[in-house]
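# Report on the structure
The lines below spell out each chain.
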Amino acid sequence: MEQFLGGWRPRLVSLLVLGHRSWEVTLDEERGRLAWRDSRPLRRGGSENCFVPISEIIAVEETELSKKQRHIGKWQKMARPHAFTVYYVKKARKHRWRCSDVTFWCVDEHLCNQWIGALKELLEKQKSRPKQLLVYINPYGGKRQGKRIYEQKVAPLFSLASISTDVIVTERANHAKDNLFEVNINKYDGVVCVGGDGMFSEVMHGLIGRMQKDSGIDQNNPKAPLVQCNIRIGIIPAGSTDCICYSTVGISDPVTSALHIIIGDCQPLDVSSVHHNNTFLKYYVSLLGYGFYGDILKDSEKKRWMGPMRYDYSGFKTFLFHHYYEGTISFQPAKHTLGSPRDKDSCRTGCYICKKSEQQLAEQQKESGLKHEEDEEEWRVIKGKFLAINAVNMSCACPRSPKGLSPAAHLADGSADLILVRKCSRFDFLRYLVRHTNQDDQFDFSFVNVYRVKSFQFTSKLSEDNESNVMDIGKKRFGHFCRDHPSCCCNAANTTWNCDGETLDSSAIEVRVHCQLMKLFARGIEENGKDEAAYSQSSTEQLL
């Protein structure tokens, strides 16, 4: 065993046994990894090298040898062999993660304890990892499997990683939201929700609302600078859609999400606030949809007894009705961001555009003394008849639509992609919907427009809110809204907004994007090249 200079255990090298062969095992603190290679490589296959980043080691434990193991191979020559097992993240295809392990055997107890101590010491230095979590489980979401998924797949991993949890099984709507206003939130390193997008929305509203309340911020003021939430939220998917989890991790898988939480990943996330007449309505992080997606949600809420199948039924029914809605939308272009909704730069792990926005946000906070008059900035206005109005803060990808509603939308750049689908034939609208499932450009239609915005306002033609602030602002800047014109042939009055899978009834709204308001236990979707494990999985599998 050798110990090199350059700090506290920068490198520890030992000759240990793995399988039936001796391996040179290296703990390299400078490179941040545990590596092992065959000390006597086979002539035919050459040297086998494997390594695991320290940041992706879940736990290390001393291992007891069974009587059967003691009488196999090298153990017959050892008076009293000792062993330790390293549990680590094993990356599979399509962004799926699994917990794997490798066991090393030592002839000396002191050497074994030294390795265990060194590894645990490095794991303690991973300050981003949570030690105490507050867990909310929705037992009714999706296929009603939330409690079983947590107990069988997630809880054992948390226990292995020595994470303490306080678990609350929700009993009613807004149970988690109300509870977050009462608990001592400062004793937790994160909040975990087990359920679908609706459960995440409930936890998000409770956490953001609690932070604003503690900071004395009035949420009813649409221009109020909201306080960022430093407490991360973890999502264990157990719902019907799990769009938010899929768009931030790349897969809807409980074990993968649990491992992201354990290693302490952090992904900032934009949050948009929705107001009406200077009254706060809701927050959303994925989709705010009017028209087609609002009608689907409104109809599906009446058929909850059908389970997840209700979305297919209501979607087909809504497509056949082909309702359109008339109104006026005004928006402020997001000039501070790079790129556009039509480019090919998808948001991925370590996204440059999101990092640039983070720097700009930090500069704005330093210059908080300088007021920025939003009303004086450029506004654009569009009037017309729309089949769908969608504002998305992320791609909204899901298994059925791998690219999502806006493939180039970014998670944390302080903007939303505003997609306007004008009135068209039923066949053309079907062509547009089909492109969400393939690789073709879904915005390449004459009746589809997409804009990258930082705020927008909408008023329907038949809105009854004559004295709303949105109406006053619109008349002042742009003249009369569509509702002041003679009645037209619009075949439906008003629809419902689909706000992250929750209904929102308001025909006049004001929306603003808050850059990186909250954080998730995630790292964004990794590139294909990074999707494979950094260590040699095939070599490890041959040895275990």
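Per an unreviewed UniProt entry, the protein is named Ceramide kinase, and its organism is Grus japonensis.

### Some points on the overall build of the protein
Along the backbone of the protein there are 13 helices and 22 strands. Taking contacts inside the protein between residues at least 6 apart in sequence as the whole, the part at least 24 apart equals 75%. Carbon and sulfur atoms provide 47% of the accessible area of the protein, an area that totals close to 25,500 Å².

### Section: the packing of aromatic side chains
Under the criterion given, the structure shown has 16 aromatic pairs. Seen in terms of ring centroids, Phe 292 and Phe 429 are 5.0 Å apart; in terms of plane orientation they differ by 80°. Their pairing is edge-to-face. With Phe 292 in helix α8 (residues 292–300) and Phe 429 in helix α11 (residues 426–434), this residue pair connects regions lying 137 residues apart in the sequence. Here Phe 292 falls in the buried class, since its relative accessible area comes to 9%. Relative to Tyr 432, the ring of Phe 429 lies with its centre 6.1 Å away and its plane at 25°, an arrangement referred to as stacked. Of this pair, Phe 429 and Tyr 432 both sit in helix α11, 3 residues apart, which is roughly one turn of that helix. Owing to a relative accessible area of 1%, Tyr 432 belongs among the buried residues under this scheme. Through pairs of rings, three or more aromatic residues link up here, namely Phe 292, Tyr 293, Phe 319, Phe 429, Tyr 432, Phe 445 and Phe 447. Looking at Arg 33, its charged tip hangs above the ring of Phe 51, at a distance of 4.6 Å from the centre.

### Description of the pattern of salt bridges
Between side chains of opposite charge, pairing is possible as soon as their charged atoms come close. All told, the structure shown has 23 salt bridges when counted by the stated rule. For Glu 24, the salt bridge is made with Arg 37, and the minimal N-O distance between the two is 3.2 Å. Here Glu 24 is found in strand β3 (residues 21–28), whereas its partner Arg 37 is found in strand β4 (residues 33–38), with 13 residues between them in sequence. Looking at Glu 24, the relative accessible area reads 27%, which means it is partly exposed. Through salt bridges with shared partners, a single ionic network connects Glu 56, Lys 91, Asp 265, Arg 523 and Glu 526.

### With respect to the side chain of Ser 314
Mapping Ser 314 onto the fold places it in helix α9 (residues 309–321). A relative accessible area of 0% places Ser 314 in the buried class. Here Ser 300 takes part through its backbone nitrogen, which lies 3.3 Å from a polar atom of the side chain of Ser 314. Discounting chain neighbours no more than four positions away, the residues touching Ser 314 are Ile 296, Asp 299, Ser 300 and Lys 303.

### Concerning the nonpolar core
One recurring pattern in soluble globular proteins is that nonpolar side chains are buried together. One finds Phe 200 and Met 518 to be the most contacted residues of the largest nonpolar core, which totals 64 residues. Here this core gets 7 residues from one element, more than from any other, and that element is helix α5 (residues 197–215). With residues near it in sequence (within four places) discarded, Met 518 still touches Phe 200, Met 204, Cys 229, Ile 233, Gln 267, Pro 268, Leu 269, Val 271 and Val 285.

### A closer look at the packing of α9 against α11
Across the interface, α9 lies against α11 with an axial gap of 10 Å and an inter-helix angle of 145°. In contact with Phe 319, Leu 320 and Phe 321 of α9, α11 contributes Arg 426, Phe 429, Leu 430 and Leu 433. Classifying every residue of the contact of α9 with α11 by side-chain character gives 6 nonpolar, no polar and 1 charged.

### A look at the pairing of strand β9 (residues 132–137)
Judged by how many residues are buried, β9 sits mostly within the fold: 5 of 6 residues are covered. Across 6 bridges, β9 lies against strand β10 (residues 164–169) in parallel orientation. Its bridge partner lying in β10, Val 135 is registered against Val 167. For the handedness criterion, the β-α-β arrangement of β9, helix α3 (residues 146–160) and β10 is classed as right-handed. In terms of strand pairing, β9 meets strand β11 (residues 190–195) through 5 bridges, oriented parallel. Bridge pairing links Tyr 136 to Cys 193 in β11.

### A look at the state of the cysteines
Under the definition given, this model contains 0 disulfides. Distance from the sulfur of Cys 193, which forms no disulfide, to the nearest cysteine sulfur (Cys 245) is 9.1 Å.

### Structural notes on the confidence of the model for the protein
Close reading of the predicted structure is inappropriate where its pLDDT is low. Per-residue pLDDT for the protein averages 84, and the proportion of residues at 70 or more is 81%. The low-confidence segment residues 1–10 (pLDDT under 50) makes 25 contacts with residues lying over four places distant or belonging to another chain. Scored below 50 in pLDDT, residues 529–544 shows 35 contacts in the model against residues more than four places distant or in partner chains.

The rules we used
- Residues numbered from 1 in each chain as written.
- Predicted model: local features only at pLDDT ≥ 70, side-chain atom pairs only at ≥ 80, totals over all residues.
- Heavy atoms only, no water.
- Helix = DSSP H or I, 4+ residues; strand = E, 2+ residues; numbered from the N terminus.
- Contact = heavy atoms within 4.5 Å.
- Areas by Shrake-Rupley, 256 points an atom, 1.4 Å probe, with all protein chains shown as cover.
- Phe/Tyr/Trp six-rings, centres within 6.5 Å; stacked < 30°, edge-to-face > 60°.
- Buried < 20%, exposed > 50% of the residue type's maximum accessible area, 1.4 Å probe, protein only.
- Lys NZ or Arg CZ within 6 Å of the ring centre and 35° of its normal.
- Salt bridge = Lys/Arg side-chain N within 4 Å of Asp/Glu carboxyl O.
- Polar contact = N/O pair within 3.5 Å; in protein donor to acceptor, adjacent residues only side chain to side chain.
- Core = buried A, V, L, I, M, F, W, Y, C linked by side-chain atoms within 4.5 Å.
- Axes fitted to C-alpha atoms, helices over the stretch in contact; angles between N-to-C directions.
- Nonpolar A, V, L, I, M, F, W, Y, C, P; charged D, E, K, R; others polar.
- Pairing = 2+ DSSP bridges.
- Right-handed = clockwise from strand over helix to strand, strands pointing away.
- Disulfide = S-S within 2.5 Å.
- pLDDT = per-residue confidence, 0-100.

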